[in-house]
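Chain and residue survey
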Amino acid sequence: KSTNNGVRQGRETFSSGLAVFFATLGSAVGLGNIWKFPYLTGQNGGGAFILVYLISVVLVGVPIMIAEFYLGKTTRANAVGVFKKLKASRFWRIIGFMGMMSALLIMFFYSSVAGWVYSYVLKAVRGDFKVLSTMPFDAAGKAVEAQFGSTVGGTFSPFAWQAAAVAVVTVILVAGVKKGIERVTKTLMPVLLILIVIIAVRSLTLEGAGKGLDFLMGVDFSKITPSVILTALGLSFFKLSLGMGTMITYGSYFNEDNKIVNTAFKVAASDTMVSLLAGLAVFPVVFTFGLEPGGGPGLLFNTIPLVFSLIPFGNVLLILFFSLAAIAATTAMISMVEVPVIVLTEELGISRRNAVVSISAVILAVGALTVHPESMFGSTMIFGKSFFDFFDYLSSNIFLPVGGLLIAIFVGWKVKTKDLSLSFGSASNDGVSKLAPVYHIILKFVTPILLLIVFLNAVGVIGI
Ligand code: PHE
């Protein structure tokens, strides 16, 4: 159906290589770096986990990001339209449909957490955590937990904060690719990078910095178990926004000169750097104050306010830290929601504004189920999980790996090495690339096999 040709010819692109870099980095950097990465590192053995994570970024993350950019850039189409344009059999459109589902599933719970982060910015600005510094250590620990409990457990306020986070995303996306996504990420990503460096430096000058560094950098090979490997692989996926068409979509906004391989490497490297900086920000304080490194998902909301309340200029750092987390969460969310938005506008001819508003409405309607995971619905709603955990599990452990697997297989087996090679080069180097054959083989064999292992384990077919 060519009813949309007019729209597609006037399709927006990012305006420069730098814009492409900040937009894609804005997608990758999110709560994954600041919230998930430190606590998973803490739970899975520190440096050993980080080593395995780095290997998965190189063997799975970068190749799939390259494959997604390739699909988007060469077709200039949305996650469903790509496969129509390439005249692939109908089956492959499932990648786009699953991607839209994943975007929604992740948004259902991610927007809740983003709401908590937004509310923590306000709490920090109001100085709600200053009182912690006047308490004995134990009492402060209980008080900060109580703060979190009341944030999450409030009757109406968590809905309002979630709605605020989704509203910000809505406004940015209605403004479009250049005026919305590009402008916001180009302004905020440099700010975020500066903030995280400041916070890491402050943290590294604490007394327990040495122990924190040992924890992050000392590799204890006995800690590398099959389950640690699988956790690291799964994280690299979620982290780099892969397997759901986000990078296909952003790739479709590349212009001729934007380089695929180069961008993938820069984004993967910078994103990993932000995760490591988040680790450098968190672990020295954990060890300085004798906290538990394996404390789990509460690390961000309980530990950070506590420790920052106890150091000089802590409240300023606290405001900075949660602002940073809010920026990261927001730029990641806009990339998730853009996936279904551009499919609806281009495939169904719906206006951008209507597409954004209706998807946001769906996110809020269903996402409301995650706001009170325990108190409102009980903790065992579906398959023994709360809605929050269920949406997280379904997206990260099933939809993203299957999506990534299909993308790797499609580009590995249905695309010719020559075509990859042409798209890897830019107009300026005659469109040739020596890397294409290498990535083609990785996408054909290495990545699918690794992903198959992760996926089969996730659904319990094999139990490693
Ligand atoms: N990469 C984001 C993060 O680390 C999450 C994300 C996943 C964003 C999938 C887009 C798509 O928080």
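Residues numbered from 1 in each chain as written. Predicted model: local features only at pLDDT ≥ 70, side-chain atom pairs only at ≥ 80, totals over all residues.

1. A closer look at the overall build of the protein
Looking only at helices and strands, one finds 19 helices and 0 strands in the protein. For 464 residues, the compact-globule estimate of 2.2 N^0.38 gives 23 Å, and the protein sits close to it at 22 Å. With the C-alpha coordinates aligned to their principal axes, the bounding extent of the protein is approximately 65 × 50 × 45 Å. Across the 464 residues that make up the protein, the buried fraction comes to 54%. (Helix = DSSP H or I, 4+ residues; strand = E, 2+ residues; numbered from the N terminus. Rg over C-alpha atoms; globule rule 2.2 N^0.38 Å. Buried ≥ 20, exposed ≤ 12 C-beta atoms within 10 Å, placed from the backbone.)

2. Focus on the site of the ligand
Residues in close proximity to the ligand total 15 residues, the closest being G30, G32, S241, T246 and A332. Those elements that place two or more of their residues in the shell around the ligand are α2 (17-28), α3 (31-43), α11 (226-239) and α15 (314-348). Split by residue class, the shell around the ligand holds 7 nonpolar, 7 polar and 1 charged. (Near = placed C-beta within 6 Å. Nonpolar A, V, L, I, M, F, W, Y, C, P; charged D, E, K, R; others polar.)

3. Here's the deal with the packing of α2 against helix α9 (residues 177-204)
Geometry of a packed helix pair, given as the angle between the helix axes and the separation of the axes. Two elements in contact, α2 and α9, have axes separated by 8 Å at closest approach and are oriented at 80°. Here α2 is positioned roughly perpendicular relative to α9, judged by the angle of their axes. In this structure, α2 uses A19, F22, A23, L25 and G26 to contact α9, whose residues at the interface are I181, E182, T185, K186 and M189. (Axes fitted to C-alpha atoms, helices over the stretch in contact; angles between N-to-C directions. Parallel < 35°, antiparallel > 145°, perpendicular 65-115°, else oblique. Contact = placed C-beta atoms within 7 Å.)

4. With respect to unusual backbone geometry
Note: most residues except glycine have negative phi, and most peptide bonds are trans. Of note in this structure, R76 is not a glycine but carries a positive phi near 55°. Position of R76 among the secondary structure elements: in the loop between α4 (47-75) and α5 (81-85). Backbone geometry places K87, a non-glycine residue, at a positive phi of 55°. When you line up the elements, K87 lands in the loop between α5 and α6 (94-126).

5. Regarding the environment of P448
When you line up the elements, P448 lands in helix α19 (residues 435-458). With 20 C-beta atoms counted inside 10 Å, the residue P448 sits in the buried group. Sequence separation of P448 and G404 is 44 residues, and the distance between their C-alpha atoms is 8.3 Å. In this view, P448 contacts L405, A408, I409 and G412; residues no more than four positions away in its chain are not counted.

6. A word on α11
When the terminal C-alpha atoms of α11 are compared, their 20 Å separation across 14 residues agrees well with the 20 Å that a helix rising 1.5 Å per residue should span. α11 sits mainly inside the fold: 10 of its 14 residues count as buried. Residues of α11 that are buried: I229, L230, A232, L233, G234, L235, S236, F237, F238 and K239. With its phi angle positive at about 55°, S241 sits one or two positions after the end of α11. (Expected span 1.5 Å × (residues − 1).)

7. A look at α3
Because an α-helix completes one turn every 3.6 residues, residues spaced three or four positions apart along the sequence face the same direction. Spanning 13 residues, α3 covers 17 Å between terminal C-alpha atoms, matching the ideal 18 Å at 1.5 Å per step. Along α3, the largest kink reaches about 35° and is centred on F37; proline P38 follows within four residues of it. Most of α3 sits inside the fold, with 12 of its 13 residues counted as buried. Along α3, the positions that sit buried rather than exposed are L31, G32, N33, I34, W35, K36, F37, P38, Y39, L40, T41 and G42. Close packing links the buried residues of α3 with α4, α6, α11, α13 (260-288), α14 (299-309) and α15. Phi turns positive, to about 95°, at G45, one or two residues after α3. (Bend = angle between axes of the 7 residues up to and from the residue.)

8. Overview of the environment of I382
With respect to the helices, strands and loops of the structure, I382 is situated in the loop between α16 (352-367) and α17 (387-414). Note on I382: 14 C-beta atoms within 10 Å, which makes it partly exposed. Considered as a pair, I382 and S309 are 73 residues apart in the sequence and their alpha carbons are 39 Å apart. Here I382 is in contact with F387 and F390, once residues within four sequence places are set aside.

9. So, the confidence of the model for the protein
Chain-level pLDDT for the protein is 87 on average; 91% of the residues reach the 70-or-more range. In this model residues 1-8 is a low-confidence stretch, pLDDT under 50, and it forms 6 contacts with partners more than four residues away in sequence or in other chains. This prediction of the complex comes with two scores: 0.91 for pTM and 0.98 for ipTM. (pLDDT = per-residue confidence, 0-100.)

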